[in-house]
Amino acid sequence: MGTHESNEPQPAGTGRRALLGAAVLGAGVLGLSGTARAAGAPGGSVQGGGIRSLPKPTIIGHRGASGYRPEHTLGAYQLALDLGADIVEAGDLVPTRDGHLVCRHEPEIGGTTDVASHPEFADRKVTKILDGVSVTGWFTEDFTLAELKTLRAVERIPANRPHNTLYNGVWEIPTFEEVLLWQDEQTRRRGRQVWIYPELKHPSYFRKLGLGLEERVAKVLHKHRKDRRNSPVILQSFEPTGIQRLNRLVDNNLVVLLSGAATRPWDFVETGDPRTVADLVKPAGLREIASYAQGIGPTLDLVVPRDAGGNLTTPTTLVSDAHKVGLILHPWTLRNENPFLPANFRKGTDADAYGDVFGAYRTYFATGIDGVFTDQPDTGLLAREAFVNG
């Protein structure tokens, strides 16, 4: 996903520092002007307001502000709030051997922590089959929480974001409980309700290991009284049956994540359900999802497909079809760097450079999506302000 980039200062208006500075200066932290505030800017969401009280299009900090800090760290989460994100995706939830929930992009942590430099854990490196794919590395379910706390987070894609490697080793792996306490602290400090958007990773895989995620997540949310319909915690997963199980355990707003049209959710593979994502995004599939969830999180390509050259084509009817059955749409993921953008929004030949991400935002916002996941929330806020204010 992408390439490395230079640490040299960029020309005004094009580089990371320019975009970051423009967001902070132009939006306060981050009070938008005019129509954008009326639509519900940061600060407009109050406790008990519910998911539909959030600003639209909602800007969701993808694994925090992961364009600027190693993902799924309190540093990335904190910066996402400082930059004005309406919601922080804190975090991707995976279990430890002793049953605690921690925030990592995947259970394999060789690429997101310094575990490889710990000789005491060298014998923990193994090969496992994760959702049908052979994966070699170190897995959270083979560590106790105390052991994981001796590790430190590192940048997952250093070839793409070498500037983030500056922060390697700064933060430890946060637990879900620590995130909920951080959420409460930030809500008090900022005088507005902070929202989070955790994802349950590989529920079927962990259930087979006797580490069922849904029950553990529900227990922690109940303990913190955040398992209600208006609680500021939205839960998501790529496995529809996991979301159905959560629907029986908690009253939180729930979102089914959807990958490429030709793919099958892994729980469907496990249970022999022949349907693909292409079936789920048809009206009948969306009606079924709406019976147990409040939203979908489709890949952006399900909203606006790309052609063989990587250019955006004509939008699908997914937005209107989902809205007809009452579902919100929070697609993923917008990033500033050229390699992550549709081909017709890349600039020049430098794979490190930022492309015309504002043009990409404008195109996706025009489809009527309710929000978007982004690695650079400050850019998303500026793009929303420009779009809403015309």
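Everything that follows concerns the structure shown earlier in this document.
Residues numbered from 1 in each chain as written. Predicted model: local features only at pLDDT ≥ 70, side-chain atom pairs only at ≥ 80, totals over all residues. Heavy atoms only, no water.

Q: Can you walk me through the overall build of the protein in this structure?
A: For the protein, the helix and strand inventory stands at 15 helices and 13 strands. By residue count, 56% of the 390 residues in the protein fall in the buried class. Taking the contacts inside the protein whose residues are at least 6 apart along the sequence as the reference set, 67% of them involve residues at least 24 apart. (Helix = DSSP H or I, 4+ residues; strand = E, 2+ residues; numbered from the N terminus. Buried < 20%, exposed > 50% of the residue type's maximum accessible area, 1.4 Å probe, protein only. Contact = heavy atoms within 4.5 Å.)

Q: It is not clear to me how the nonpolar core should be interpreted in this structure. Could you clarify?
A: As a rule of thumb, nonpolar side chains are buried together in soluble globular proteins. Counting residues in hydrophobic clusters, the biggest one holds 82 residues, and the most contacted among them are Phe176 and Ile296. The residues touching isoleucine 296, leaving out its near neighbours within four places in the chain, are Val255, Val256, Leu258, Leu286, Ile289, Leu318, Ala322, Leu327, Ile328, Leu329 and His330. Counting ten residues, the second largest nonpolar core, distinct from the first, contains Ile87, Tyr197, Ile234 and Phe373. (Core = buried A, V, L, I, M, F, W, Y, C linked by side-chain atoms within 4.5 Å.)

Q: Explain helix α11 (residues 283–290) here, please?
A: An α-helical segment advances 3.6 residues per turn. Residues three or four places apart therefore align on the same side. Within the span of α11, buried status applies to Gly285, Leu286 and Ile289. Summarising the axial view, the buried residues of α11 lie within an arc of 100 degrees, below the 170-degree limit, and thus occupy one face. The inward-facing, buried residues of α11 abut β10 (254–258), α10 (277–280), β11 (295–298) and α13 (318–324). (Arc of directions from axis to C-beta.)

Q: Would you explain the side chain of asparagine 252 in this entry?
A: Relative to the helices and strands, asparagine 252 is located in the loop between α8 (240–249) and β10. Among the polar contacts listed, one links the side chain of asparagine 252 to the backbone oxygen of lysine 226, at a separation of 2.8 Å. Of the polar contacts made by the side chain of asparagine 252, one reaches the backbone oxygen of valine 233; its length is 3.0 Å. Other than its neighbours up to four places away in sequence, asparagine 252 contacts Leu221, Lys226, Asp227, Arg228, Arg229, Ser231, Val233, Leu235 and Gln294. (Polar contact = N/O pair within 3.5 Å; in protein donor to acceptor, adjacent residues only side chain to side chain.)

Q: Can you help me understand the packing of helix α14 (residues 357–365) against helix α15 (residues 377–388) in this one?
A: Direction vectors running N to C along α14 and α15 enclose 60 degrees, while the axes themselves pass 9 Å from each other. Comparing their axes, α15 and α14 come out oblique. For α14 against α15, the interelement crossing comes out right-handed. Contacts between α14 and α15 involve Val357, Phe358, Tyr361, Arg362 and Phe365 on the former and, on the latter, Thr379, Gly380, Leu382, Ala383, Arg384 and Phe387. Looking at the contact of α14 with α15 residue by residue, the classes come out as seven nonpolar, two polar and two charged. (Axes fitted to C-alpha atoms, helices over the stretch in contact; angles between N-to-C directions. Parallel < 35°, antiparallel > 145°, perpendicular 65-115°, else oblique. Left-handed = near helix turned anticlockwise from the far one by under 90°. Nonpolar A, V, L, I, M, F, W, Y, C, P; charged D, E, K, R; others polar.)

Q: Which parts of the structure should I look at to understand the environment of leucine 130?
A: By the secondary structure assignment, leucine 130 is in strand β5 (residues 126–130). Looking at leucine 130, the relative accessible area reads 8%, which means it is buried. In sequence terms leucine 130 and tryptophan 266 are 136 residues apart; their C-alpha atoms lie 9.9 Å from each other. In contact with leucine 130, not counting residues within four places along its chain, are Glu106, Pro107, Val135, His202 and Tyr205.

Q: Please clarify how the packing of aromatic side chains should be interpreted in this entry.
A: What describes a pair of aromatic rings is the distance from one ring centre to the other and the angle between the planes of the rings. Considering all chains together, one arrives at eight aromatic pairs under this definition. Residues phenylalanine 121 and phenylalanine 143 carry aromatic rings whose centres are separated by 5.1 Å and whose planes lie at 75 degrees to one another, so their mutual orientation is edge-to-face. Of the two residues, phenylalanine 121 is situated in the loop between β4 (101–103) and β5 and phenylalanine 143 in the loop between β6 (133–137) and α4 (145–148); the sequence distance between them amounts to 22 residues. Both residues of the pair, phenylalanine 121 and phenylalanine 143, count as buried. (Phe/Tyr/Trp six-rings, centres within 6.5 Å; stacked < 30°, edge-to-face > 60°.)

Q: Whenever I open this one, the packing of helix α7 (residues 213–223) against α8 confuses me. Can you help?
A: Running from amino to carboxyl end, α7 crosses α8 at an angle of 35 degrees, the nearest separation of the two axes being 9 Å. Our pair here, α7 against α8, has a crossing hand that is right-handed. Listed contacts from α8 to Glu214, Glu215 and Ala218 of α7 are Gly242, Arg245, Leu246 and Leu249. Here the residues of the contact of α7 with α8 are counted per class, giving three nonpolar, one polar and three charged.

Q: Help me out: how do you make sense of the environment of phenylalanine 139 in this one?
A: One can find phenylalanine 139 in the loop between β6 and α4. As for phenylalanine 139 and arginine 97, which are separated by 42 residues in sequence, their C-alpha atoms are 9.4 Å apart. Once residues within four sequence positions are removed from consideration, phenylalanine 139 is found in contact with Pro107, Glu108, Val126, Lys128 and Tyr205.

Q: Honestly, the pattern of salt bridges in this entry has me stumped. Any pointers?
A: A side chain of one charge can pair with a side chain of the opposite charge if their charged atoms are brought near each other. Going through the model one piece at a time under the given rule, you end up with 28 salt bridges. Here lysine 128 and glutamate 141 are joined by a salt bridge, their closest N and O atoms 3.0 Å apart. Linking lysine 128 in strand β5 with glutamate 141 in the loop between β6 and α4, this pair joins segments that are 13 residues apart in sequence. Accessibility classification places lysine 128 together with glutamate 141 in one group, the buried group. (Salt bridge = Lys/Arg side-chain N within 4 Å of Asp/Glu carboxyl O.)

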